[in-house]
Amino acid sequence: MDTSNLIRPQVRGFEPYLPGRSIASVKRERNLSKIIKLASNENPLGPSPRALAAMARAGKKLFLYPDGPSTALRGAIARYTKVTPERVIIGAGSDELIELLGKTFLNPGDSIVVSNHAFIRYRMAADLMGAEVITVPMRCDTHDLTAMGKAIRDNTKLLFIANPNNPTGTHNPTSELAELLKQVKTANERRIIPVLVIVDEAYYEYAKAFSPDYPDTIVLQKEFVNLVTLRTFSKAHALAGLRVGYGIADPAVIAALDRVRPPFNVSAVAQAGAEASLQDTSRIKKAVSHAAKESKIVNAELERLGLKTLPSIGNFVLIDVSPRKGKDVFESLMSRGIIVRSMDEYGFPERIRVTYGLSAENRQFMRALKEILKP
């Protein structure tokens, strides 16, 4: 059947997101029995025992639909972040919330502002809705927030900031974000349609521990009503397989997103696991401590090899393997049973992104990398 005239124009040339390779797929493809995955910035320590127990209990009632608006989880997040539940929305990962922002606010002819080398899902949300993407070059491998503010046009509705950024790991401090928000607030006073500033904090738990100048966007929302915060349970909480994320924003923004949010978008098991994980603060501290310790070891080894990296406040590092191509190093590592991420789609053809795994995994990665880099 010829569907070319049936499909929306925006979907015909739409390039789907390519996630990191799964362990199962590499095992099958390479006929390997053991795989180390350092590709997707997952927490190698695994979920909280409380979360696992809560999910097991929830599993006994899977014949029932989940609570559509995730009421209990919204309440738990509201208490955790010290906001009202009306300011919280739950998504199937923050990925779904990014897409909901596009579906709710963007039309063909609108535009968004993003930074070059930022998380690719922002661009995809605009492309899907036929909106224009205004891309602003980075400055010193970090978002140039002043330039991003100046790039706003009359048709701009959304401005996305990944903080810290994926894949660079770099971040913008409180002073820079506050200055941008003031800039946009002044512009919004002259506009009929305001611009929303979305700060994606997927690595929030790591970032707030690793950087003393990391912004508190929940506090900033008290002054800047157009600020939207996104967070996830996929990273430090080690619940990537559940797909749970949340957004915090002005109640009017949340209400609009809720109208578009699919019913029962987050399973009962996912809701229970996320709520229990939120209560296990010691488990999060352990994950952060592990990443901090392993990052020092890995980065010291990379420096001894003469490889350049960027200062990251996430649980991963971006490595410059030039003059080699990142894709070649990625393939060579995969043939040795180690999955990392090549960065061609982000405009970094000579870099790879590597998650800090377990100590033994990191040692094996470094041994393999040394073999590959031998002249």
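An account of the accompanying structure is given in this report. Computed from a prediction, not measured in an experiment: that's the story for all the values here.

A few points about the overall build of the protein
Item 1. Along the protein, the regular secondary structure elements total 15 helices and 13 strands.
Item 2. Compactness check: the protein gives a C-alpha radius of gyration of 21 Å against a globular reference of 21 Å for 375 residues, within 12% of the reference.
Item 3. Viewed in the frame of its principal axes, the protein has a C-alpha envelope of about 60 × 55 × 50 Å.
Item 4. Classification of the 375 residues of the protein by burial places 55% in the buried group.

Description of the sheet that holds strand S4 (residues 132-136)
Item 1. If you walk across this open sheet you meet the 7 strands as S2-S8-S7-S6-S5-S3-S4, and the pairing is mixed. Each of the sheet's edge strands pairs with one partner strand only, and the pair in question is strand S2 (88-91) and S4. Strand-to-strand twist across the sheet, computed as the mean angle between neighbouring axes with direction ignored, equals 20 degrees.
Item 2. Contacting S2, strand S7 (227-232) and strand S8 (245-248), helix H4 (residues 71-81) crosses the sheet at an angle of about 125 degrees to S2.
Item 3. Packed on one face of the sheet, helix H5 (residues 93-105) meets S2, strand S5 (156-162), strand S6 (196-200), S7 and S8 and runs near 150 degrees to S7.

Side note on the packing of aromatic side chains
Each pair of aromatic rings is reported with the distance of its centres and the angle of its planes.
Item 1. Inspection of every chain in the model, using the stated rule, returns 7 aromatic pairs.
Item 2. Here the aromatic rings of Phe119 and Tyr122 are separated by 5.6 Å at their centres, their planes lie at 85 degrees, and the arrangement is edge-to-face. Assigned by exposure class, Phe119 and Tyr122 land together as buried.
Item 3. Of the aromatic side chains, those joined through ring pairs into one cluster are Phe119, Tyr122 and Phe160.
Item 4. Of note, Arg231 hangs over the ring of Tyr204, and the distance from its end group to the ring centre comes to 3.5 Å.
Item 5. The ring of Phe316 has Arg353 sitting right over it, with the charged end atom 6.0 Å from the ring centre.

What to know about helix H3 (residues 49-58)
Item 1. Those residues of H3 lying buried are Ala51, Ala54, Met55 and Ala58. For H3, the angular spread of buried residues about the axis comes to 100 degrees, placing them on one side. Away from its buried face, by an angle of more than 90 degrees, H3 presents the exposed residues Pro49 and Arg57.
Item 2. Of the surrounding secondary structure, the elements contacted by the buried residues of H3 are helix H12 (268-279).

Quick word on the sheet that holds strand S12 (residues 341-343)
Item 1. With antiparallel pairing, the 4 strands of this open sheet are ordered in space as S9-S10-S13-S12. On the outer flanks of this sheet lie strand S9 (308-309) and S12, each paired with one strand and no other.
Item 2. In terms of strand pairing, S9 meets strand S10 (residues 316-320) through 2 bridges, oriented antiparallel. By the bridge assignment for S10, Lys308 is matched with Asp320.
Item 3. Across the sheet, helix H14 (residues 326-335) touches S12 and strand S13 (348-355), and the angle it forms with S13 is around 40 degrees.

Points about unusual backbone geometry
Most peptide bonds take the trans configuration, and most residues that are not glycine carry a negative phi.
Item 1. In this model, Asn166 is joined to Pro167 through a cis peptide bond whose omega is 25 degrees.
Item 2. You can see Pro167 is positioned in the loop between S5 and helix H8 (174-188).
Item 3. The omega angle of the peptide bond from Ser322 to Pro323 is 10 degrees, so this bond is cis rather than trans.
Item 4. Tracing the backbone shows Pro323 in the loop between S10 and H14.
Item 5. With phi around 55 degrees, Cys140 is a residue other than glycine that occupies positive phi space.
Item 6. Mapped onto the secondary structure, Cys140 falls in the loop between S4 and helix H7 (145-150).
Item 7. You will see that Phe264, though not glycine, has its phi angle at about 55 degrees, which is positive.
Item 8. The partly exposed category is assigned to Phe264, whose relative accessible area is 39%.

Observations regarding the packing of H3 against H12
Item 1. Remark: H3 packs on H12, axes separated minimally by 8 Å, with the N-to-C direction vectors making an angle of 155 degrees. Between H3 and H12, the interaxial angle falls into the category roughly antiparallel. Considering only the axes of H3 and H12, their crossing is right-handed. Across the interface between the two elements, Arg50, Ala51, Ala54, Met55 and Ala58 from H3 touch Ala268, Val269, Ala272, Gly273, Ala276, Ser277 and Gln279 from H12.
Item 2. Of the residues assigned to the contact of H3 with H12, the class counts are 8 nonpolar, 3 polar and 1 charged.

A look at a nonpolar patch on the surface
Item 1. On the surface, a cluster of nonpolar side chains totalling about 260 Å² of accessible area is made up of Leu6, Ile7 and Val11.
Item 2. Tracing the sequence through the fold places Leu6 in the segment before helix H1 (9-12).
Item 3. For Leu6, a relative accessible area of 68% puts it in the exposed group.

Looking at the packing of helix H2 (residues 23-30) against H14
Describing two packed helices takes the angle between their axes plus the distance from one axis to the other.
Item 1. Where H2 contacts H14, the two axes come as close as 11 Å, and the packing angle between them is 80 degrees. Looking at the two axes, H2 sits roughly perpendicular to H14. On the side of H2, the interface is formed by Val26, Glu29 and Arg30, while H14 contributes Glu331, Met334 and Ser335.
Item 2. Its residues placed into classes, the contact of H2 with H14 shows 2 nonpolar, 1 polar and 3 charged.

The rules behind these values
- Residues numbered from 1 in each chain as written.
- Predicted model: local features only at pLDDT ≥ 70, side-chain atom pairs only at ≥ 80, totals over all residues.
- Heavy atoms only, no water.
- Helix = DSSP H or I, 4+ residues; strand = E, 2+ residues; numbered from the N terminus.
- Rg over C-alpha atoms; globule rule 2.2 N^0.38 Å.
- Buried < 20%, exposed > 50% of the residue type's maximum accessible area, 1.4 Å probe, protein only.
- Pairing = 2+ DSSP bridges.
- Axes fitted to C-alpha atoms, helices over the stretch in contact; angles between N-to-C directions.
- Contact = heavy atoms within 4.5 Å.
- Phe/Tyr/Trp six-rings, centres within 6.5 Å; stacked < 30°, edge-to-face > 60°.
- Lys NZ or Arg CZ within 6 Å of the ring centre and 35° of its normal.
- Arc of directions from axis to C-beta.
- Parallel < 35°, antiparallel > 145°, perpendicular 65-115°, else oblique.
- Left-handed = near helix turned anticlockwise from the far one by under 90°.
- Nonpolar A, V, L, I, M, F, W, Y, C, P; charged D, E, K, R; others polar.
- Patch = residues over 30% accessible without salt bridge, like charges linked within 9 Å, V, L, I, M, F, W, Y side chains within 5 Å.
- Areas by Shrake-Rupley, 256 points an atom, 1.4 Å probe, with all protein chains shown as cover.
- Salt bridge = Lys/Arg side-chain N within 4 Å of Asp/Glu carboxyl O.

Honestly, it's all geometry; don't read function into it.
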